[in-house]
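Examining the three-dimensional arrangement
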Amino acid sequence: MKLQYLGTAAAEGAPALFCDCDFCQFARKARGREIRTRSGALLDGTIKIDFGPDSYKHELDNGLNYAKIHSVLITHTHVDHLDLDELAFRRPVYAHLPENDPPMTLYGNEKLGEKLAGVRSDWIAFRRVKPFETIDVEGYAVTPLEAVHCLSRDGALWPVVFEGKTVYRSEEALFYLIGKDGKNVLYAHDTDEFTPADMEFLAGRGLDLVSLDCTNGRLDVTYIGHMGATEDRRMREALLQNGAADAHTVFVANHFSHNGLLPYDELQALLPGFTVSYDGMTVEV
Ligand SMILES: [Zn+2]
Ligand SMILES: [Zn+2]
Ligand SMILES: [Zn+2]
(Lines give C-alpha, C1' and ligand atoms only; values in the text may rest on other atoms or scores of the structure.)
(Ligands and ions follow the chains in the order given, each with its own letter.)
Protein backbone atom coordinates (compact mmCIF):
# COMPACT_ATOMS: atom_id res chain seq x y z
CA MET A 1 0.00 0.00 0.00
CA LYS A 2 1.12 3.50 -0.78
CA LEU A 3 0.23 6.35 1.57
CA GLN A 4 0.74 9.82 0.20
CA TYR A 5 0.96 12.64 2.76
CA LEU A 6 -0.66 15.60 1.04
CA GLY A 7 -0.91 18.00 4.00
CA THR A 8 0.99 17.57 7.27
CA ALA A 9 0.07 20.59 9.44
CA ALA A 10 -2.57 21.17 12.08
CA ALA A 11 -5.52 23.53 11.67
CA GLU A 12 -3.75 26.85 11.10
CA GLY A 13 -1.01 25.53 8.78
CA ALA A 14 2.74 26.04 9.15
CA PRO A 15 3.68 28.82 8.78
CA ALA A 16 0.37 29.62 10.40
CA LEU A 17 -2.08 31.82 8.54
CA PHE A 18 -1.66 35.00 10.62
CA CYS A 19 1.39 34.14 12.73
CA ASP A 20 4.70 35.95 13.03
CA CYS A 21 6.37 33.70 15.63
CA ASP A 22 10.03 32.73 15.22
CA PHE A 23 9.21 29.37 13.61
CA CYS A 24 6.77 30.88 11.13
CA GLN A 25 9.30 33.57 10.16
CA PHE A 26 11.91 30.83 9.66
CA ALA A 27 9.54 28.62 7.62
CA ARG A 28 8.57 31.45 5.27
CA LYS A 29 12.25 31.91 4.40
CA ALA A 30 13.38 28.28 4.40
CA ARG A 31 10.35 26.90 2.46
CA GLY A 32 10.78 23.29 1.22
CA ARG A 33 9.85 20.78 3.96
CA GLU A 34 9.21 23.62 6.44
CA ILE A 35 6.01 24.59 4.60
CA ARG A 36 3.10 22.41 5.77
CA THR A 37 -0.48 22.64 4.54
CA ARG A 38 -3.60 21.47 6.35
CA SER A 39 -4.06 17.74 6.93
CA GLY A 40 -4.96 15.16 4.30
CA ALA A 41 -3.70 11.93 2.76
CA LEU A 42 -4.37 9.56 -0.12
CA LEU A 43 -4.05 5.78 -0.04
CA ASP A 44 -3.13 3.97 -3.27
CA GLY A 45 -4.54 6.87 -5.26
CA THR A 46 -7.98 5.51 -4.33
CA ILE A 47 -9.03 6.33 -0.78
CA LYS A 48 -8.83 9.94 0.30
CA ILE A 49 -8.48 10.61 4.03
CA ASP A 50 -10.08 13.88 5.15
CA PHE A 51 -10.98 16.77 2.89
CA GLY A 52 -9.71 20.01 4.41
CA PRO A 53 -9.32 23.54 3.07
CA ASP A 54 -6.00 22.84 1.29
CA SER A 55 -7.35 19.87 -0.69
CA TYR A 56 -7.45 21.85 -3.93
CA LYS A 57 -3.77 22.81 -3.54
CA HIS A 58 -2.97 19.14 -2.84
CA GLU A 59 -4.70 18.13 -6.07
CA LEU A 60 -2.64 20.62 -8.09
CA ASP A 61 0.72 20.07 -6.36
CA ASN A 62 0.55 16.28 -6.63
CA GLY A 63 -0.94 15.95 -10.10
CA LEU A 64 -4.10 14.32 -8.72
CA ASN A 65 -7.59 14.26 -10.21
CA TYR A 66 -10.33 14.14 -7.57
CA ALA A 67 -12.87 13.33 -10.30
CA LYS A 68 -11.53 9.77 -9.97
CA ILE A 69 -11.95 9.62 -6.17
CA HIS A 70 -15.16 8.02 -4.89
CA SER A 71 -14.31 7.25 -1.26
CA VAL A 72 -13.30 9.73 1.46
CA LEU A 73 -12.75 8.71 5.07
CA ILE A 74 -13.47 11.64 7.38
CA THR A 75 -11.92 11.47 10.85
CA HIS A 76 -13.94 14.30 12.42
CA THR A 77 -15.52 17.58 11.41
CA HIS A 78 -12.90 20.13 12.55
CA VAL A 79 -12.33 22.67 9.82
CA ASP A 80 -8.84 21.41 8.90
CA HIS A 81 -10.31 17.97 8.09
CA LEU A 82 -13.61 18.85 6.43
CA ASP A 83 -14.37 21.72 4.09
CA LEU A 84 -18.01 21.45 3.03
CA ASP A 85 -17.85 24.54 0.82
CA GLU A 86 -15.14 22.96 -1.33
CA LEU A 87 -17.00 19.64 -1.50
CA ALA A 88 -20.03 21.48 -2.87
CA PHE A 89 -18.10 22.07 -6.10
CA ARG A 90 -18.73 18.42 -7.00
CA ARG A 91 -22.25 19.56 -7.92
CA PRO A 92 -23.22 19.50 -11.63
CA VAL A 93 -22.51 22.76 -13.48
CA TYR A 94 -19.29 23.14 -11.43
CA ALA A 95 -18.05 19.59 -12.15
CA HIS A 96 -18.63 17.58 -15.32
CA LEU A 97 -18.52 13.86 -14.61
CA PRO A 98 -19.47 10.82 -16.71
CA GLU A 99 -23.15 9.97 -16.79
CA ASN A 100 -24.01 7.38 -14.11
CA ASP A 101 -20.74 8.13 -12.32
CA PRO A 102 -21.27 7.03 -8.71
CA PRO A 103 -21.41 9.70 -6.00
CA MET A 104 -18.37 10.41 -3.88
CA THR A 105 -19.10 8.68 -0.57
CA LEU A 106 -17.98 10.35 2.64
CA TYR A 107 -17.56 7.89 5.51
CA GLY A 108 -17.68 9.31 9.01
CA ASN A 109 -19.44 9.98 12.27
CA GLU A 110 -22.91 11.26 13.22
CA LYS A 111 -21.80 14.90 13.09
CA LEU A 112 -20.63 14.50 9.50
CA GLY A 113 -24.07 13.09 8.66
CA GLU A 114 -25.74 16.16 10.19
CA LYS A 115 -23.47 18.55 8.34
CA LEU A 116 -24.01 16.79 5.01
CA ALA A 117 -27.81 16.81 5.38
CA GLY A 118 -28.19 19.76 3.01
CA VAL A 119 -25.44 18.65 0.63
CA ARG A 120 -26.19 14.96 0.04
CA SER A 121 -27.52 14.06 -3.37
CA ASP A 122 -26.54 12.11 -6.48
CA TRP A 123 -23.06 13.56 -6.24
CA ILE A 124 -22.21 13.28 -2.52
CA ALA A 125 -23.26 10.31 -0.40
CA PHE A 126 -22.81 9.66 3.31
CA ARG A 127 -22.19 6.43 5.15
CA ARG A 128 -22.10 6.38 8.93
CA VAL A 129 -19.29 4.31 10.39
CA LYS A 130 -18.74 3.23 13.98
CA PRO A 131 -15.70 2.28 16.04
CA PHE A 132 -14.56 -1.34 15.71
CA GLU A 133 -17.08 -2.14 12.93
CA THR A 134 -15.13 -3.11 9.81
CA ILE A 135 -16.61 -2.23 6.42
CA ASP A 136 -15.52 -2.78 2.83
CA VAL A 137 -14.49 0.34 0.91
CA GLU A 138 -13.49 -0.43 -2.69
CA GLY A 139 -11.89 -3.71 -1.64
CA TYR A 140 -10.17 -2.31 1.46
CA ALA A 141 -11.12 -3.45 4.97
CA VAL A 142 -11.67 -0.18 6.83
CA THR A 143 -12.06 -0.14 10.60
CA PRO A 144 -12.70 3.11 12.46
CA LEU A 145 -11.17 3.30 15.93
CA GLU A 146 -12.11 5.71 18.71
CA ALA A 147 -10.06 8.93 18.85
CA VAL A 148 -9.41 10.86 22.05
CA HIS A 149 -10.24 14.20 20.43
CA CYS A 150 -13.00 16.82 20.21
CA LEU A 151 -13.29 16.92 24.00
CA SER A 152 -16.56 18.40 25.18
CA ARG A 153 -17.07 20.87 28.00
CA ASP A 154 -20.85 20.71 27.85
CA GLY A 155 -22.69 17.43 27.94
CA ALA A 156 -21.79 13.83 28.57
CA LEU A 157 -21.63 12.59 25.00
CA TRP A 158 -19.45 10.00 23.28
CA PRO A 159 -17.48 8.72 26.28
CA VAL A 160 -14.01 7.22 25.92
CA VAL A 161 -11.52 6.07 28.53
CA PHE A 162 -8.32 8.10 28.71
CA GLU A 163 -5.63 7.51 31.35
CA GLY A 164 -8.08 5.55 33.50
CA LYS A 165 -10.81 8.22 33.43
CA THR A 166 -13.91 8.63 31.29
CA VAL A 167 -13.81 11.75 29.13
CA TYR A 168 -16.58 13.03 26.85
CA ARG A 169 -16.46 14.31 23.30
CA SER A 170 -18.58 16.71 21.26
CA GLU A 171 -18.59 14.19 18.40
CA GLU A 172 -17.49 10.60 17.88
CA ALA A 173 -14.01 11.42 16.54
CA LEU A 174 -12.40 8.52 14.68
CA PHE A 175 -9.16 7.34 13.20
CA TYR A 176 -8.73 4.53 10.72
CA LEU A 177 -7.15 1.10 10.30
CA ILE A 178 -7.07 0.16 6.61
CA GLY A 179 -6.10 -3.28 5.36
CA LYS A 180 -5.66 -5.00 2.02
CA ASP A 181 -3.81 -8.09 0.77
CA GLY A 182 -2.29 -8.77 4.20
CA LYS A 183 -0.99 -5.20 4.65
CA ASN A 184 -2.30 -2.83 7.32
CA VAL A 185 -1.99 0.92 7.69
CA LEU A 186 -3.03 2.81 10.82
CA TYR A 187 -3.69 6.51 10.24
CA ALA A 188 -4.16 8.02 13.71
CA HIS A 189 -4.84 11.77 13.50
CA ASP A 190 -6.18 13.64 15.45
CA THR A 191 -6.02 11.79 18.74
CA ASP A 192 -4.28 11.64 22.07
CA GLU A 193 -2.75 8.41 23.37
CA PHE A 194 -5.00 5.48 22.47
CA THR A 195 -7.86 4.17 24.61
CA PRO A 196 -7.67 0.68 26.19
CA ALA A 197 -10.32 -0.49 23.67
CA ASP A 198 -8.14 0.67 20.75
CA MET A 199 -5.06 -0.98 22.22
CA GLU A 200 -6.94 -4.24 22.69
CA PHE A 201 -8.29 -4.14 19.12
CA LEU A 202 -4.81 -3.52 17.68
CA ALA A 203 -2.89 -6.01 19.86
CA GLY A 204 -0.90 -8.59 17.96
CA ARG A 205 -1.66 -7.20 14.49
CA GLY A 206 1.92 -6.47 13.46
CA LEU A 207 0.87 -3.35 11.53
CA ASP A 208 2.94 -2.33 8.52
CA LEU A 209 2.57 1.44 8.90
CA VAL A 210 1.58 3.46 11.95
CA SER A 211 1.07 7.18 11.45
CA LEU A 212 0.72 9.11 14.72
CA ASP A 213 -0.54 12.59 15.60
CA CYS A 214 2.34 14.88 16.62
CA THR A 215 0.53 18.21 16.84
CA ASN A 216 2.50 19.43 19.86
CA GLY A 217 5.91 18.51 18.43
CA ARG A 218 8.65 19.41 20.91
CA LEU A 219 6.15 20.70 23.54
CA ASP A 220 4.88 18.75 26.54
CA VAL A 221 1.35 20.00 27.14
CA THR A 222 -1.38 18.93 29.53
CA TYR A 223 -4.55 19.34 27.47
CA ILE A 224 -6.22 16.21 26.10
CA GLY A 225 -6.72 15.64 22.38
CA HIS A 226 -3.37 15.61 20.62
CA MET A 227 0.11 14.16 21.02
CA GLY A 228 3.66 15.46 20.71
CA ALA A 229 7.08 13.83 20.41
CA THR A 230 7.01 12.58 24.02
CA GLU A 231 3.63 10.86 23.60
CA ASP A 232 4.58 9.49 20.18
CA ARG A 233 7.68 7.82 21.61
CA ARG A 234 5.58 6.39 24.44
CA MET A 235 2.87 5.16 22.04
CA ARG A 236 5.51 3.48 19.85
CA GLU A 237 6.79 1.54 22.86
CA ALA A 238 3.25 0.56 23.88
CA LEU A 239 2.35 -0.62 20.37
CA LEU A 240 5.58 -2.62 20.10
CA GLN A 241 4.90 -4.14 23.49
CA ASN A 242 1.39 -5.38 22.71
CA GLY A 243 2.34 -6.65 19.25
CA ALA A 244 0.28 -4.06 17.34
CA ALA A 245 3.66 -3.21 15.84
CA ASP A 246 6.94 -5.09 15.49
CA ALA A 247 10.45 -4.60 14.17
CA HIS A 248 9.25 -4.19 10.56
CA THR A 249 6.62 -1.52 11.32
CA VAL A 250 7.19 1.91 9.77
CA PHE A 251 6.30 4.71 12.20
CA VAL A 252 5.50 8.19 10.94
CA ALA A 253 4.92 11.36 12.99
CA ASN A 254 2.48 13.76 11.33
CA HIS A 255 -0.01 16.67 11.80
CA PHE A 256 2.17 19.42 13.29
CA SER A 257 1.25 22.77 14.81
CA HIS A 258 3.70 25.63 14.27
CA ASN A 259 3.71 26.09 18.08
CA GLY A 260 5.74 22.92 18.65
CA LEU A 261 7.65 22.83 15.38
CA LEU A 262 11.40 22.80 14.91
CA PRO A 263 13.34 22.80 11.65
CA TYR A 264 12.77 19.42 9.96
CA ASP A 265 16.13 17.83 10.90
CA GLU A 266 15.88 18.92 14.55
CA LEU A 267 12.37 17.51 14.78
CA GLN A 268 13.55 14.25 13.24
CA ALA A 269 16.29 14.02 15.92
CA LEU A 270 13.58 14.22 18.61
CA LEU A 271 11.78 11.22 17.15
CA PRO A 272 14.09 8.21 16.89
CA GLY A 273 12.29 5.26 15.30
CA PHE A 274 9.98 7.61 13.36
CA THR A 275 10.00 9.24 9.97
CA VAL A 276 8.85 12.84 10.27
CA SER A 277 6.29 13.57 7.57
CA TYR A 278 6.44 16.43 5.08
CA ASP A 279 4.00 17.58 2.42
CA GLY A 280 4.26 15.30 -0.61
CA MET A 281 5.98 12.43 1.24
CA THR A 282 5.02 8.92 0.12
CA VAL A 283 5.43 5.80 2.24
CA GLU A 284 5.07 2.39 0.64
CA VAL A 285 4.60 -0.80 2.70
ZN1 LIG B 1 -6.44 18.46 12.82
ZN1 LIG C 1 3.78 30.62 14.25
ZN1 LIG D 1 -9.18 18.08 15.16
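Residues numbered from 1 in each chain as written. Chains lettered and ligands numbered in written order. Predicted model: local features only at pLDDT ≥ 70, side-chain atom pairs only at ≥ 80, totals over all residues. Heavy atoms only, no water.

Between the first and last C-alpha of helix H6 (residues 229–241) there are 18 Å, a value that for 13 residues agrees with the 18 Å anticipated at 1.5 Å per step. Turning to H6, its buried residues are Ala229, Glu231, Asp232, Met235 and Leu239. Along the axis of H6, the buried positions cluster into a sector of 155°, meaning they face one direction only. Looking at the buried positions of H6, the neighbouring elements they touch are helix H5 (196–202), strand S13 (209–213), strand S14 (250–254), helix H7 (264–270) and strand S15 (274–276). Just beyond H6, the residue with positive phi is glycine 243, at close to 80°. (Helix = DSSP H or I, 4+ residues; strand = E, 2+ residues; numbered from the N terminus. Expected span 1.5 Å × (residues − 1). Buried < 20%, exposed > 50% of the residue type's maximum accessible area, 1.4 Å probe, protein only. Arc of directions from axis to C-beta. Contact = heavy atoms within 4.5 Å.)

Bringing the sheet that holds strand S11 (residues 174–180) into the picture now. Sheet architecture is open: seven strands sit in the order S7-S8-S11-S12-S13-S14-S15, paired in mixed fashion. This sheet does not close on itself; its edge strands, each paired only once, are strand S7 (135–137) and S15. Here the average twist between neighbouring strands, direction ignored, is 25°. Here strand S12 (residues 183–188) runs beside S13; their pairing, made up of four bridges, is parallel. Bridge assignment links leucine 186 to a residue of S13, and that residue is valine 210. (Pairing = 2+ DSSP bridges. Axes fitted to C-alpha atoms, helices over the stretch in contact; angles between N-to-C directions.)

A word on the packing of aromatic side chains. Across all of its chains, the model carries seven aromatic pairs by this definition. Between the aromatic rings of phenylalanine 89 and tyrosine 94, the centroid separation amounts to 5.1 Å while the plane-to-plane angle is 85°, which identifies the pairing as edge-to-face. Ring geometry for phenylalanine 251 versus phenylalanine 274: centroids 5.5 Å apart, planes at 65°, classification edge-to-face. One end of the pair, phenylalanine 251, is in strand S14; the other, phenylalanine 274, is in strand S15, with 23 residues separating them in the sequence. The ring of tyrosine 140 is capped by lysine 180, whose NZ or CZ atom sits 4.5 Å from the centre of that ring. (Phe/Tyr/Trp six-rings, centres within 6.5 Å; stacked < 30°, edge-to-face > 60°. Lys NZ or Arg CZ within 6 Å of the ring centre and 35° of its normal.)

Below, the discussion takes up the coordination of the zinc ion (ligand 2). On the protein side, the zinc ion (ligand 2) has Cys19 (SG), Cys21 (SG), Cys24 (SG) and His258 (ND1) as donor atoms, found 2.1 to 2.3 Å from it. One can describe the site at the zinc ion (ligand 2) as tetrahedral: its four donor atoms subtend angles covering 103 to 120° at the metal. Mapped onto the polypeptide sequence, the residues donating to the zinc ion (ligand 2) form the spacing pattern C-x1-C-x2-C-x233-H. Accessibility expressed as a relative area gives 16% for cysteine 19, which makes it buried. (Donors = N, O, S within 2.8 Å, 3.2 Å for Na, K, Ca; no water. Tetrahedral: all angles 85-135°; square planar, octahedral: opposite > 155°, others 65-115°.)

On their own, these measurements won't tell you what the molecule is for.
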